[in-house]
Amino acid sequence: MKNIFIYIVLLWSTLTFAQNEQLAQYYYDKGDFEKAKVSYEQLLSGSPSNSQYFLRTVDCYQQLQQFDIAQKAIQERYNRYKQGIFLVELGYNFQLQKNESKAKDYYEQAIEKIRTNPNDVYGIGNSFEKKVLLEYALKAYQTAMEIQPNYNFNFQIGMLYGQLGKTDLMIDLLLTESYQNPQNANLIQTQLSRFMNGEADNTSFKDAMRKALILRTQKDQDVFWNHYLSWFYVQQKEFGKAFIQEKAIYKREPESLMSIVNLSQFALNEDDTETASEILNFILLNTRDLDLLIQTNARLMEIKIAKAQEKDYPAIDTELQQLLTTYEITPFTLSLQIIQAHFLAFNLKKPEEGKAIIKKALELNLNDYQQADAKMELGDILLLEEKFNQALIYYSQIQLDLKNDVMSHEASLKAAKTSYYKTDFEWALKQFKELKSANTQLIANDALEYFLLINDNTVADSTQTALKQFAKGDFLLYQNKKQEAIAQFQGILKTFKGQEIEAVTMLRLGKIYESLADYSAALSQYQQIIDHHSDGIYVDEALYFSAEIYNDELKDTEKAKPLYEKIIFNHQDSIYFVDARKKYRQLRGDTNL
């Protein structure tokens, strides 16, 4: 009984202490430093050795301009523990009072303390960094390495060089550190990538990186530098140049094609199908691995089908048949079987033949994920045939078999779209609402788009007349009937001119025209959104898609720049904001916005 009572008391005190800490943090975050000070003083009295509570208490004194109290507290703490971080704190307390000479004196004392006890560098260097005293932080790490040559602070020093704008020194030191300690290479590459592509994005840094890496590949024949240069080109999405480096590596180390296989996927993810095809064909010539051969052929066929015109269909049909004859109908060739079924159904308009292939595949000894892949395709073909309920059965089976898996979320999205196509908007809206919070960003974004489409147009028109016509146009697109879809959407613009549905209809037409390479017609649709729906939710997409056409297709960067600029200044909440800012900087050649 006595033990239980002690346990209850301890538990109660622990919970009370945690609540007090949360309250102190709340006041501090709110900027109510008087109340935060009182709370942290209470916490500190209960746990006097807690450095976090002490430093936060001092911070509150300083926020309240109680510098004398702060100085006394820090000095007492230093006298008791003799830790160098408190010398930094004393200096900073004087710096806040604009007493630079006193501040400098204490900072130098902290550096001197490292000379007598190099282990103090960890606390002192970190303290300088937290207070953005970068030159002193640099001096702290350099001093420690002078006293103890076995210490390694190259990463910290390199990052400080970058923050101080000494990018050449940063690049040289971090590249050297990567080579000498390869276990740190991934961490270093992550930080270099941030400088290249994040807030510190600038052309001069990228140029300096490129030159430094090329110079090292020329001076040193170690494939380490080819790998590094390949990584650099991947960051810049220059996959062709990365492939040159990967081929050089493979020529000297032909044991594995994995880096080249990964590069093909990077190129595919960024829609660089030309480079991806080149890489995939190289893989075919240099492997005998059956799985890799099948996987590579499958990706090549997907690229060919996506680019194909109707006149190319017979040749593609023959090639698919030849591949399946060569590699046979087995669970290993399921990806090729699914591609063939989809091609027959959606391109050659032979859904019965497509379904027959999938049904035969389902008789094979497939694992759960392979079965889900096959059922997903069967559902897609049934949806193509307007057999909505049958399609929903297969999507539902996947949801049940692979709960909480990405494939289950994909099946849920397709089920929601099926309800949308059959104009069961109430049920579709519920499904899209749930999927808005999906872990997979692409699925979440897609679900949000349809949720807003249904919700906004239901509010604007309770009869949902225009929305039904729009869903019919979307279904024609799903069926790969682009000309019929164009006619359907143009009819909506005539019938429902000036209504809520108008802007998104123009957006759909623009995307169809883009897919047909009719860029002037696409730009015309986007411009109407920009001119007449500038306060709507689709204007950022119209701006971005227009900029992309000018930049990537028409090579007219002068027209692309102001469109990217409008997104940066007027649509910071757009999902295209980061991309627009990056491309705008690239076109300008600097970081100024």
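Structure first, text after, so check above.
These numbers come from a predicted model, not from an experiment.

Draft legend 1. Just the overall build of the protein, in detail. Across its full length, the protein carries 32 helices and zero strands. A compact globule built from 593 residues would reach a C-alpha radius of gyration of about 25 Å, whereas the protein, at 31 Å, exceeds it by more than 25%. Each principal axis of the C-alpha distribution contributes one length, and for the protein these read about 85 × 65 × 65 Å. The proportion of buried residues among the 593 residues of the protein is 48%. Taking all contacts inside the protein whose residues are at least 6 apart in sequence as the whole, residues at least 24 apart take part in 50%. About 31100 Å² of surface is accessible on the protein, with carbon and sulfur atoms providing 50% of the total. Computing the positive centroid from 65 side-chain charges and the negative centroid from 80, the protein places the two 3 Å apart.

Draft legend 2. Structural detail: the packing of aromatic side chains. Inspection of every chain in the model, using the stated rule, returns 37 aromatic pairs. Consider the rings of Phe54 and Phe86, whose centres lie 5.7 Å apart with planes at 85°: the pair is edge-to-face. Highlighted residues: Phe54 in helix α3 (residues 51–63) and Phe86 in helix α5 (residues 85–95), separated in sequence by 32 residues. Across the pair, Phe86 and Phe54 agree in class, each one buried. Relative to Tyr136, the ring of Tyr107 has its centre 4.9 Å away and its plane inclined at 55°; by these criteria the two rings are tilted. Linking Tyr107 in helix α6 (residues 100–116) with Tyr136 in helix α8 (residues 134–147), this pair joins segments that are 29 residues apart in sequence. In terms of burial, Tyr107 and Tyr136 fall into one category: buried.

Draft legend 3. Expanded view of the environment of Tyr478. As for its position among the elements, Tyr478 is in helix α26 (residues 465–478). Taking the C-alpha atoms as reference, Tyr478 lies 33 Å from Tyr584; in sequence the two are 106 residues apart. If near-sequence neighbours (up to four positions away) are discounted, Tyr478 is found in contact with Phe346, Asp380, Leu383, Leu384, Tyr395 and Tyr421. Polar side-chain contacts of Tyr478 include one of 2.7 Å to the backbone oxygen of Asp380.

Draft legend 4. Broad picture of the nonpolar core. Grouped together as the largest cluster of nonpolar side chains are 87 residues, with contacts concentrated most on Tyr420, Phe432, Leu453 and Phe470. Not counting the four nearest positions on each side in its chain, Tyr420 is found in contact with Phe425, Ala428, Phe432, Tyr450, Leu453, Ile454, Phe470, Ala471 and Asp474.

Draft legend 5. Broad picture of the pattern of salt bridges. Applying the stated criterion across every chain, the model contains 23 salt bridges. Among the ionic pairs, Lys304 bridges to Glu319, the shortest N-O distance being 2.8 Å. Here Lys304 is found in helix α17 (residues 290–307), whereas its partner Glu319 is found in helix α18 (residues 313–327), with 15 residues between them in sequence. In this structure, Asp312 and Lys311 form a salt bridge, with 3.4 Å as the shortest nitrogen-oxygen distance. The class of Asp312 is partly exposed, set by a relative accessible area of 27%. Linked through salt bridges whose partners overlap, the residues forming this network are Asp207, Arg210, Glu238 and Lys241.

Procedures and definitions
- Residues numbered from 1 in each chain as written.
- Predicted model: local features only at pLDDT ≥ 70, side-chain atom pairs only at ≥ 80, totals over all residues.
- Heavy atoms only, no water.
- Helix = DSSP H or I, 4+ residues; strand = E, 2+ residues; numbered from the N terminus.
- Rg over C-alpha atoms; globule rule 2.2 N^0.38 Å.
- Buried < 20%, exposed > 50% of the residue type's maximum accessible area, 1.4 Å probe, protein only.
- Contact = heavy atoms within 4.5 Å.
- Areas by Shrake-Rupley, 256 points an atom, 1.4 Å probe, with all protein chains shown as cover.
- Lys, Arg positive; Asp, Glu negative; His and termini not counted.
- Charge placed at Lys NZ, Arg CZ, Asp CG, Glu CD.
- Phe/Tyr/Trp six-rings, centres within 6.5 Å; stacked < 30°, edge-to-face > 60°.
- Polar contact = N/O pair within 3.5 Å; in protein donor to acceptor, adjacent residues only side chain to side chain.
- Core = buried A, V, L, I, M, F, W, Y, C linked by side-chain atoms within 4.5 Å.
- Salt bridge = Lys/Arg side-chain N within 4 Å of Asp/Glu carboxyl O.

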